[in-house]
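Fold and geometry: a report
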Amino acid sequence: MIWRCRDVTFLLTDRVLVMGIVNVTPDSFSDGARYLDAGAAVARCHDLLAEGADVLDLGGESTRPGAEAVEPDEQWRRLEPVLTRVMRERPEVVLSVDTRSADVARRALDAGARIVNDVSALADPAMAAAVAKAGAGLVLMHMRGTPETMQRDTGYADVTAEVAAFLRGRTAVAEQAGVARECIALDPGIGFAKSAEGSLELLARIPELAAIGRPVLVGASRKSFLAHLTGDEGPPQDRVPASLAAATIATWQGAHVLRVHDVAATARAVKLAIAARRAVR
Ligand code: HH2
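Okay, so let's go over this structure. As the structure is a computational prediction, the values presented were derived from the model and not from experiment.

As a further point, take the packing of helix 5 (residues 159–176) against helix 6 (residues 196–204). Their axes nearest at 9 Å, the elements helix 5 and helix 6 cross at an angle of 70 degrees. Of the possible angle classes, the one that applies to helix 5 and helix 6 is roughly perpendicular. In the crossing of helix 5 with helix 6, the sense of the turn from one axis to the other is right-handed. Contacts between helix 5 and helix 6 involve V159, T160 and V163 on the former and, on the latter, G198, E201 and L202. Looking at side-chain class alone, the contact of helix 5 with helix 6 contains three nonpolar, two polar and one charged residues.

Per the counting criterion, the structure on display carries one cavity of 30 Å³ or more. Together, 14 residues line the largest cavity, and A220, S221, S243, A247 and V260 are the ones closest to its centre. Counting only elements with at least two residues in the lining of the largest cavity, the list comes to helix 9 (240–252) and strand 10 (257–260). Among the elements that line the lining of the largest cavity, the one with the most residues is helix 9, at five residues. Of the residues contributing to the lining of the largest cavity, the split by class is nine nonpolar, three polar and two charged.

With that out of the way, let us pick up the layout of surface pockets. Quantified by volume, the largest pocket comes out at close to 500 Å³. Every residue lining the largest pocket is counted, 31 residues in all, and those nearest its centre are F29, R64, P65, F192 and K223. Looking at the lining of the largest pocket, the elements with two or more residues in it are strand 3 (17–23), helix 6 and helix 8 (224–230). The greatest single-element share of the lining of the largest pocket, amounting to three residues, is contributed by helix 8. As a volume, the second largest pocket reaches approximately 170 Å³. The leading source of residues in the lining of the second largest pocket is helix 10 (residues 263–280), at five residues.

Next up on the list: the packing of aromatic side chains. The description of two aromatic rings rests on the distance between their centres and on the angle between their planes. Summed over the entire model, instances satisfying the criterion amount to one aromatic pair. Residues W3 and F10 carry aromatic rings whose centres are separated by 6.3 Å and whose planes lie at 35 degrees to one another, so their mutual orientation is tilted. For the pair W3 and F10, one class covers both residues: buried. A cation sits over an aromatic face here: R144 above Y156, 3.7 Å from the ring centre.

Calculation notes
Residues numbered from 1 in each chain as written. Predicted model: local features only at pLDDT ≥ 70, side-chain atom pairs only at ≥ 80, totals over all residues. Heavy atoms only, no water. Axes fitted to C-alpha atoms, helices over the stretch in contact; angles between N-to-C directions. Helix = DSSP H or I, 4+ residues; strand = E, 2+ residues; numbered from the N terminus. Parallel < 35°, antiparallel > 145°, perpendicular 65-115°, else oblique. Left-handed = near helix turned anticlockwise from the far one by under 90°. Contact = heavy atoms within 4.5 Å. Nonpolar A, V, L, I, M, F, W, Y, C, P; charged D, E, K, R; others polar. 1 Å grid on protein atoms, 1.4 Å probe; cavity = no way out; pocket = protein on both sides within 12 Å on 5 of 7 lines; lining within 4 Å. Points joined across faces, edges and corners; volume = space filled by probe spheres on them. Phe/Tyr/Trp six-rings, centres within 6.5 Å; stacked < 30°, edge-to-face > 60°. Buried < 20%, exposed > 50% of the residue type's maximum accessible area, 1.4 Å probe, protein only. Lys NZ or Arg CZ within 6 Å of the ring centre and 35° of its normal.

Shown next, in the form of C-alpha cells:
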C-alpha cells in the first residue's frame, strides 16, 4: 500500500504513520488557544517532529461537535505564519492542512503543504481540483451534516457498512475530478456523527474499511467516546491512556495513519503493535 503526497510517497505495507495535531485555534476541544500564537504553534511543530511525528496536521478551524464554521480568510490568517515558517525551517516536513475550504487548501498547497485533510470529504466543489492540480495527498473523512449539527444524527443500521459505502463514493468523486487514487486516504470520522458505540465499532472493524484498498487514517485521540467508555470524567488530557489503547487497537486492526495529540507515547504504542502484527503475519 502506498500513499502519494506530492513528491513524498509513503510505503505503508509494514508501517503506521503518526500524524501530530497542531490546532491554531482559540477553541479546539483539547488544545484550543494553546497554539493560537504563531510562535507557540511553530514550537509545537518542532516538538512533535522531535517526538517522531511523520506528518503534521495544521488546522485553523475547530470541528468539535457544535463548532461554527470559520471563514477561509480567518483560517488562513491563523495558519499562514505557522505554515510558512515551518516550511522555511524544515522544507522536507510533510505538512497537512486540516480544512474544508478549497481556498485555504490552495493557499496552503502554494506554501508547500503536501496533504489536504478534508473532514467534509469534498463538500467544497472546488476542493478536488485544487488537490489534483498539486498532486497532493487527500484525506476523505466520513461525517453527516456539519460539526454544528452532527451529534443530532448518530443512528445507523450498520455504521461500518454505511461509512464504507460513503468513502467508496467519495473516492470515486475525487478520482473523477482528477485526484490520483494513490493520493487518497480514508477516515471513518471517529466522533463525527457517531455514538460512542459507533466509534468503537468502527475502530474494531477497520479491516472492512481497509478492504476498499486505500490507507485508513484514524483520529481517536483524546475524543469523548473514550471517556464515555472508560468513565474518565476529567479534561481531554486525562484520556491519554485510553487514546494509546485506541491507537494500539487501530494499528492491530490494520490502520495506516494515526492522527494524535500525544506523538511520543503513540509512536511507542505503535511500535509494539506493529511488532505483534509482524509476529502473526
Ligand atoms: N478529528 C478532528 C479534527 N480533524 N481530521 C481527520 N481526518 N480525522 C479526525 O478524526 C479529525 C480530523 C477533531 O479533533 P481536534 O483537531 O483535536 O479538535 P478540534 O476539531 O476541536 O480542533
